[in-house]
Every structure is written in structure tokens, then in C-alpha cells.
Amino acid sequence: QTGISSESDGYENQVDLLLGGNFADGRGNATLFASWYDREKITQADRSYTAIDFQGGSATGIAGRLDNVPLNSLEESVAGNYAFNADGTPRPFINDLPEVNGGVGDRYNFAPPNLLLTPQTRVQIGALGRFDINDQIEAYAELNFTASRNETPLAPTPATNILVDLDSPFLAPETLALLATRPDPTAPGVLRRRMVEVGARKQTVDSTLSQITTGLRGDVGFRNWTYDAYYQYGRTDFDQFTFNDVSNSRFTAGIAGCPADYVQFVPDCVPVNPFGAGNITPEMADFVRLNFADNTVFERDLANASINGDLFEMPAGTTAFALGIEWRKDKSTYTPDAAKQSGDIEGFNAQQPIAGDFDVFEVFGEL
């Protein structure tokens with residue numbers, strides 16, 4: 001099966017295979033199946049009606065912005081937020097989106113790299129089988145495996161609330177003069193900047209699911225009573241990889257010019273100039289770039305046994321019953337990247353590893 005959108009993009013392709021048959025003079029049956037699926041992405045840039053964020057985009061732009069923090073604001077004569085010229089000198093922030101304001105503005109259009117259709121690749125393999133051991137016992141089994149990959153691009157990292165050391169060699173005298181008008185002129189400056197030089201972010205999620213079920217079922221040999229007993233194990237793994245994010249500690253150290261008190265915590269420090277569009281060089285971008293990975297695992301064990309059938313006749317019909325027991329155990333672990341555990345990733349809150357499990361034993365019946 002294949003498909004394509006009316007705009008000649010978003011290709012989808014799928015191949016399925018199913019085969020099976022009986023064996024041992026019909027006492028057994030086996031079925032195998034496999035499937036491959038692939039879908040291309042469609043970005044918001046691929047459609048004119050989504051290529052621009054008409055809600056105004058983001059205030060975190062490519063030239064950087066010196067935030068006028070309310071708790072330590074600039075004096076009234078110079079109040080306001082400031083963007084930066086290419087030479088690092090400050091100018092009033094233009095609160096417009098260039099794409100809808102004749103090319104003038106400091107807001108950022110984050111729409112183009114975001115998705116309308118998510119790309120995906122998926123492989124599925126499975127098998128079913130049964131075999132009659134005798135007239136009362138049938139053995140059966142089921143195997144399933146699925147592996148998939150999803151990719152999600154995002155706009156470059158919006159680095160916000162970045163504290164700027166006043167001894168930074170990249171601060172222009174005009175910027176220092178603005179910061180000196182605050183009630184506490186010795187406090188660090190607060191910067192935000194769209195990290196376009198680092199590149200668009202990309203998240204890739206690899207997931208695998210495997211499950212096996214095996215059991216026995218059949219007739220008890222008394223009236224029409226039947227039974228079913230099985231065990232099942234399943235496991236799902238999620239590996240999430242994020243590329244082209246930004247390390248808060250490296251960025252802060254680089255803006256400060258890599259003084260000794262930073263270098264002891266941030267080795268191989270590279271000075272970083274964020275003031276003005278295009279001032280972050282490839283070397284600077286490589287230094288602040290942060291790729292990281294998180295892992296989640298979920299497992300389930302399940303055992304079930306049940307019996308059901310007719311008991312006796314009543315004036316309105318047959319009285320039937322069902323009775324069974326079930327035990328299951330769920331276990332999960334989440335292991336975030338070390339950078340996420342330390343809270344060093346721009347745009348992500350700190351998260352710690354977590355693990356736990358519980359089990360349930362149930363008895364059920366119906367009459």
C-alpha cells in the first residue's frame with residue numbers, strides 16, 4: 001500500500017505479509033505475519049497557511065534580548081527590553097514579527113520546523129499457534145514484537161533567564177550603562193536568546209514492544225464446562241534522544257568569558273558572545289550544544305486461570321457460572337540523562353530517576 005498527499009509530499013508506504021496453515025492432520029495451526037510501515041514528514045513550512053505563527057511568534061529572538069526584570073528594573077527613563085545590534089550594542093526591542101511587519105521586528109517565527117505530519121517507521125512481527133494435545137487439552141501461544149521510530153523537529157532552543165556576569169568581556173559599555181540604572185546595579189543581567197546557531201532541535205523516540213502469551217485450554221469433560229489458563233509477559237522500552245539543546249552551565253560560563261571560577265566546573269570552556277544575531281560561531285555553538293537521552297521501561301507479568309459452564313436448569317433457562325483467578329505485576333523504571341537530573345538543560349525542568357512496581361491478586365466469579 002502506498003499513498004501521497006495532494007501536495008506531492010507526505011509519502012506513506014506499507015508492506016504486509018500473512019501466511020499460515022494447518023499441520024499434523026489438522027491438530028495444529030500456525031500463523032505468521034509481518035508488517036513494515038514508513039511515513040515521511042510534512043512541516044509547517046510546507047504549507048503557506050502554517051508557515052508563519054500568526055499568534056505573534058516568540059519574544060525570544062535571534063538577536064538576544066536584555067530583559068527588564070520587574071524586581072530589579074531599569075530606571076524609568078530607559079525602561080523597556082533591549083535587543084542587540086550586530087556589534088553588541090543595545091537598542092530597544094521591537095515587539096513585532098518580521099514576517100508580518102515588513103521584515104522589521106525582533107520576535108521569532110518558530111512555526112517552520114514544527115510538524116503537520118510526524119514521520120514514522122514501524123516494523124511488526126508476530127506469530128500465533130495452537131495444537132490439540134488430546135480431545136480435552138489445546139496448547140496455544142502468541143508472540144508479538146513491534147519496533148518503531150518517531151522523529152519530532154522543534155525550533156532552535158529558546159534560552160531564557162540566562163544570568164550574565166557583569167564582568168563579561170562581551171558586554172558593550174552602553175549595555176553596562178543600562179544595567180547600572182537598576183536599584184541593584186551589581187546584580188547579573190538577565191538574557192534570553194534563540195540559539196539558531198546551534199541548530200533546530202530534534203527528538204527521536206525509539207520504542208520496542210515485545211509480548212509472549214502461552215497457555216492451555218479445553219473441555220473439562222463434564223457437561224459443557226471449559227477452562228483456560230495462560231501466562232503472559234510483556235515489555236516496552238522507550239529511548240528518547242534529544243539533539244541540539246543547550247547547556248545552561250556552559251552557556252553561562254561562556255558568556256562570562258570563562259573566568260577561573262567557572263572553568264573549574266566547566267572544563268574546556270569556550271567564550272561565547274550571544275549579543276547580536278550571528279555572533280555565535282560554530283566553535284561556540286559546539287561548546288554549548290547538549291545532546292541527551294532518557295530511557296523508560298515498562299514490564300508486566302500476568303497469570304490467569306478460569307473455568308465456566310452450565311450448572312443446572314431453572315424454569316426460565318440454564319444457570320451458568322464463571323470462576324477465575326488472576327495475578328499480575330507491573331514494574332516501571334525511568335532513567336533521565338545526567339544533564340536532566342542536574343537541571344542543566346535549557347527548556348527542561350530537572351527530573352530524577354524513578355522506579356516502582358506493584359502486584360495484584362484477584363478472584364472473580366459470575367453466576
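Everything below is about the structure printed above this text.
Residues numbered from 1 in each chain as written. Predicted model: local features only at pLDDT ≥ 70, side-chain atom pairs only at ≥ 80, totals over all residues. Heavy atoms only, no water.

1. What to know about the environment of Pro271
So, step 1. Mapped onto the elements of the fold, Pro271 is located in the loop between helix 3 (260-263) and helix 4 (282-288).
So, step 2. Measuring from C-alpha to C-alpha, the distance between Pro271 and Met284 comes to 7.0 Å, with 13 residues separating the pair along the chain.
So, step 3. What Pro271 contacts, discounting residues up to four positions off in sequence, is Phe170, Gly254, Gly257, Cys258 and Met284. (Helix = DSSP H or I, 4+ residues; strand = E, 2+ residues; numbered from the N terminus. Contact = heavy atoms within 4.5 Å.)

2. What to know about the pattern of salt bridges
So, step 1. Taken as a whole and judged by the stated rule, the model has 16 salt bridges.
So, step 2. A salt bridge links Arg65 to Asp67; its shortest N-O distance comes to 2.7 Å.
So, step 3. Residue Arg65 is classed as buried on the basis of its relative accessible area of 10%.
So, step 4. By relative accessible area, which is 12% here, Asp67 ends up buried.
So, step 5. Residue Lys340 is joined to Asp294 by a salt bridge in which the shortest nitrogen-to-oxygen separation is 2.6 Å. Here the residue Lys340 occupies a position in helix 5 (residues 338-342), and Asp294 occupies one in strand 15 (residues 289-314), the gap between them amounting to 46 residues.
So, step 6. Using a relative accessible area of 4% as the deciding quantity, one classes Lys340 as buried.
So, step 7. One continuous salt-bridge network, built from bridges that share partners, spans Arg235, Asp237, Glu299 and Lys331. (Salt bridge = Lys/Arg side-chain N within 4 Å of Asp/Glu carboxyl O. Buried < 20%, exposed > 50% of the residue type's maximum accessible area, 1.4 Å probe, protein only.)

3. Looking at the state of the cysteines
So, step 1. The full count for this structure, using the stated rule, is 1 disulfide.
So, step 2. Two residues share a disulfide in this structure: Cys258 and Cys269, whose sulfurs sit 2.0 Å from each other. Because the torsion about its S-S bond is -75°, the bridge between Cys258 and Cys269 counts as left-handed. Taken together, the residues span a long stretch of sequence, with Cys258 in the loop between helix 2 (248-255) and helix 3 and Cys269 in the loop between helix 3 and helix 4 at a distance of 11 residues.
So, step 3. Judged by relative accessible area, which is 18%, Cys269 ranks as buried. (Disulfide = S-S within 2.5 Å.)

4. Regarding the sheet that holds strand 12 (residues 189-194)
So, step 1. Here 5 strands make up an open sheet; going across it, the order is 7-6-5-12-11 and the pairing antiparallel. The strands lining the two open edges of the sheet, one partner per strand, are strand 7 (90-92) and strand 11 (158-164).
So, step 2. Relative to strand 6 (residues 82-84), strand 5 (residues 65-66) runs antiparallel, the two being bridged by 2 bridges. Looking across to strand 6, one finds that Leu66 is bridged to Tyr82.
So, step 3. Its contacts with the sheet put helix 2 on strand 11 and strand 12, and the angle it makes with strand 11 is roughly 50°. (Pairing = 2+ DSSP bridges. Axes fitted to C-alpha atoms, helices over the stretch in contact; angles between N-to-C directions.)

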